[in-house]
Amino acid sequence: MRRSILLSLTLLFSLTFSAFAAESAKKDAHGAKGAKVGSYEDWCGEHGVPESQDTRCDKSLIPAFKATGDWDEKHGLPKSQCKKCNPKLKIVRPPKGSK
């Protein structure tokens, strides 16, 4: 009986912790509103690019990339962010406290 209760409590704790961790990860996936462009906080963890330049999160940015010739029609991304066309491309998040 004790073993069953202990197992149930452990399972409940694990599920609760997992739910909180998943919610926290969602919050960290996208840049903070009002974050300074080019800063550590201006980052989309989901797509690995600055949030201020993330056309997958903000479709309204697409025309600006197209107007400057920085658009890959095949992959639907800015050429400057397309790792399929340029596998050696490294987009690095600025360090904390930057800019």
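Below: a short report on this structure. These numbers were taken from a predicted model, which means no experiment stands behind them.

Cut-offs used in this document
- Residues numbered from 1 in each chain as written.
- Predicted model: local features only at pLDDT ≥ 70, side-chain atom pairs only at ≥ 80, totals over all residues.
- Heavy atoms only, no water.
- Helix = DSSP H or I, 4+ residues; strand = E, 2+ residues; numbered from the N terminus.
- Buried < 20%, exposed > 50% of the residue type's maximum accessible area, 1.4 Å probe, protein only.
- Contact = heavy atoms within 4.5 Å.
- Areas by Shrake-Rupley, 256 points an atom, 1.4 Å probe, with all protein chains shown as cover.
- Disulfide = S-S within 2.5 Å.

1. Some details on the overall build of the protein
Next up, step 1: Helix and strand counts for the protein stand at 2 helices and 0 strands.
Next up, step 2: Looking at the protein residue by residue over its 99 residues, the buried ones come to 22%.
Next up, step 3: Within the protein, contacts between residues separated by at least 24 positions form 25% of all contacts whose residues are at least 6 apart in sequence.
Next up, step 4: With the model as given, the accessible surface of the protein reaches about 7600 Å², and the carbon-plus-sulfur share is 61%.

2. With respect to the state of the cysteines
Next up, step 1: Scanning all chains against the criterion turns up 0 disulfides.
Next up, step 2: This cysteine, Cys85, is not joined by any disulfide, and Cys82 carries the nearest cysteine sulfur, 3.7 Å off.

3. Observations concerning the side chain of Thr55
Next up, step 1: With respect to the helices and strands, the residue Thr55 is situated in the loop between helix H1 (2-29) and helix H2 (62-67).
Next up, step 2: Take Thr55: its relative accessible area is 1%, and that puts it in the buried class.
Next up, step 3: Dropping the residues within four chain positions of it, Thr55 is found in contact with Leu61, Ile62, Phe65, Trp71, Gly76, Leu77 and Pro78.

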